[in-house]
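The lines below spell out each chain.
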Amino acid sequence: MLPLPRQIRKHLAGPRILKTGISIFICEMLFLVIGQERYAAFAATSAIVAVLPSLAGSRNQLKKSMTANLLAGAVALVVGLLWGQTPLALTLSAVLVLYVLVKLNMSEQAGVVSVTLIWMLSRESNSIGPYIIGRVGAITVGTLIGYLVNRYILPPNFLPRIRDGLSAAAQSTAVFGERVAASLTDPESLSKAEIKAMINQIRNDLTLCGQKILWQVEAGTPEAVYLPLEKTKAALFVYVVELARVHKTALTMGGFPPGPVADHVTKTVRVACLNMLGVCQPLTRGEAPDAHSRNTYLQAMEELQQLVERLIDDRATRELGLACHRVHTSIRHMGRRMRICREVVARAAEERPTGQGKPVF
């Protein structure tokens, strides 16, 4: 099935919204059919909470919800049958349940479970047992329904958003690289505040991509699909750090003197960013990396290496040569990460299932 254009997708209800609606409907219909409509709301509420972005989160919610509510139900049943609805009994029950939840590292369940406990103990003494059993059962069934719907109906797929996020982060990194390249002869033109703001924005975007990649892995996605995305994210982190170091090198020496040397260093920084885009942008479209950008990068690096050696050999230009060498080292590190990305993408393409026309990444 062909994917809908992004301009159309953004106006549609997301999969989680649809799955939440399906979970509510199933819970309501199930308890209507078995003649227990008064417990349907508890099941539906629990199902809503269980439809989380990741399957691991849903499983964890299922375990914690069942444990916490079984604990609350057991305490409420014992206290209700032995001491009834006295204020002291209710208080002691709530304190006991909260204490056990904290010890089990489930304090996030404390608020909901405490309310549930109070409502359980608010029933008449002769009906408290059936009510507690019915409510705990409804919560358990609702949570299970929410998990199963989340697992088997429109399973979580973050790949489109991961690719969009990496594409945007790569473009932002390229913009940052252009700003650095343009400032090499006048590094003061790019302020520390601007650099910090751009770096933080890119890092935040990459961190969000990393979380979505983790969720995609939890969904059982093959390594050949997510690993190229993971390596690209890590490479962009490195790019940001090394570009900042290039600017710091220029700042330390008061800027590269205008002329052929500065022009060559500037060109190499820009070519390194084009090499990055030659990997990241095709990757987000499910295509193989661009070979031309890599060849251009390698040629520029070889020329810069020769320039560094000539400058260092001459005592009069040795300091400038050492500065160029530091830039060369940073850019070489950036290029190494892109080489790793290209290798991972190539392996992923070889591992794609037979008959698929497009790479798995």
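Everything discussed here concerns the structure shown above.
Attention in this report is confined to the structure presented alongside it. (Residues numbered from 1 in each chain as written. Predicted model: local features only at pLDDT ≥ 70, side-chain atom pairs only at ≥ 80, totals over all residues. Heavy atoms only, no water.)

### Regarding the state of the cysteines
Working step 1: All chains considered together, the criterion is met by zero disulfides.
Working step 2: This cysteine, Cys341, is not joined by any disulfide, and Cys280 carries the nearest cysteine sulfur, 6.4 Å off. (Disulfide = S-S within 2.5 Å.)

### Quick look at the packing of helix 8 (residues 159–182) against helix 10 (residues 223–252)
Working step 1: Running from amino to carboxyl end, helix 8 crosses helix 10 at an angle of 20 degrees, the nearest separation of the two axes being 10 Å. Classified by the angle between their axes, helix 8 and helix 10 sit roughly parallel to one another. Like other packed secondary-structure pairs, helix 8 and helix 10 cross with a definite hand, here left-handed. Contact with helix 8, carried on its side by Leu159, Ile162, Arg163, Leu166, Ala169, Ala170, Thr173, Phe176, Gly177 and Val180, involves Val225, Leu229, Lys233, Leu236, Tyr239, Val240, Leu243, Ala244, Val246 and His247 of helix 10 and no other residues of that element.
Working step 2: For the contact of helix 8 with helix 10, the per-class residue count stands at 15 nonpolar, three polar and two charged. (Axes fitted to C-alpha atoms, helices over the stretch in contact; angles between N-to-C directions. Helix = DSSP H or I, 4+ residues; strand = E, 2+ residues; numbered from the N terminus. Parallel < 35°, antiparallel > 145°, perpendicular 65-115°, else oblique. Left-handed = near helix turned anticlockwise from the far one by under 90°. Contact = heavy atoms within 4.5 Å. Nonpolar A, V, L, I, M, F, W, Y, C, P; charged D, E, K, R; others polar.)

### Description of the nonpolar core
Working step 1: The biggest cluster of nonpolar side chains holds 57 residues, and the ones touching the most others in it are Phe176, Phe256 and Met276.
Working step 2: Those elements that place two or more of their residues in this core are helix 8, helix 9 (192–218), helix 10, helix 11 (260–284), helix 12 (291–313) and helix 13 (318–351).
Working step 3: Non-local contacts of Met276, meaning those with residues more than four positions away in its chain, are made with Ala170, Thr173, Ala174, Leu236, Tyr239 and Met338.
Working step 4: In this structure, Ala43, Ala76, Ala89 and Ile132 belong to the second largest nonpolar core, which totals 28 residues. (Core = buried A, V, L, I, M, F, W, Y, C linked by side-chain atoms within 4.5 Å. Buried < 20%, exposed > 50% of the residue type's maximum accessible area, 1.4 Å probe, protein only.)

### Points about the side chain of Ser167
Working step 1: Among the secondary structure elements, Ser167 is positioned in helix 8.
Working step 2: Within the local environment of Ser167, its side chain forms a polar contact with the side chain of Gln281, the two groups lying 2.9 Å apart.
Working step 3: With near-sequence residues (within four places) excluded, Ser167 lies in contact with Gln281 and Thr284. (Polar contact = N/O pair within 3.5 Å; in protein donor to acceptor, adjacent residues only side chain to side chain.)

### A look at the pattern of salt bridges
Working step 1: Scanning all chains against the criterion turns up six salt bridges.
Working step 2: Between Glu178 and Arg270 there is a salt bridge, and its shortest N-O distance comes to 2.9 Å. Of this pair, Glu178 sits in helix 8 while Arg270 sits in helix 11, and the two are 92 residues apart along the sequence.
Working step 3: What makes Glu178 partly exposed here is its relative accessible area of 36%.
Working step 4: Of the charged contacts, one joins Arg245 and Glu242 as a salt bridge, the two residues approaching to 2.9 Å between their closest N and O atoms. Here the residue Arg245 and the residue Glu242 both occupy positions in helix 10, the gap between them amounting to three residues, near one helical turn.
Working step 5: Looking at Arg245, the relative accessible area reads 46%, which means it is partly exposed.
Working step 6: Assessed through its relative accessible area of 4%, Glu242 is described here as buried. (Salt bridge = Lys/Arg side-chain N within 4 Å of Asp/Glu carboxyl O.)

These values are about where atoms sit, not about what they do.
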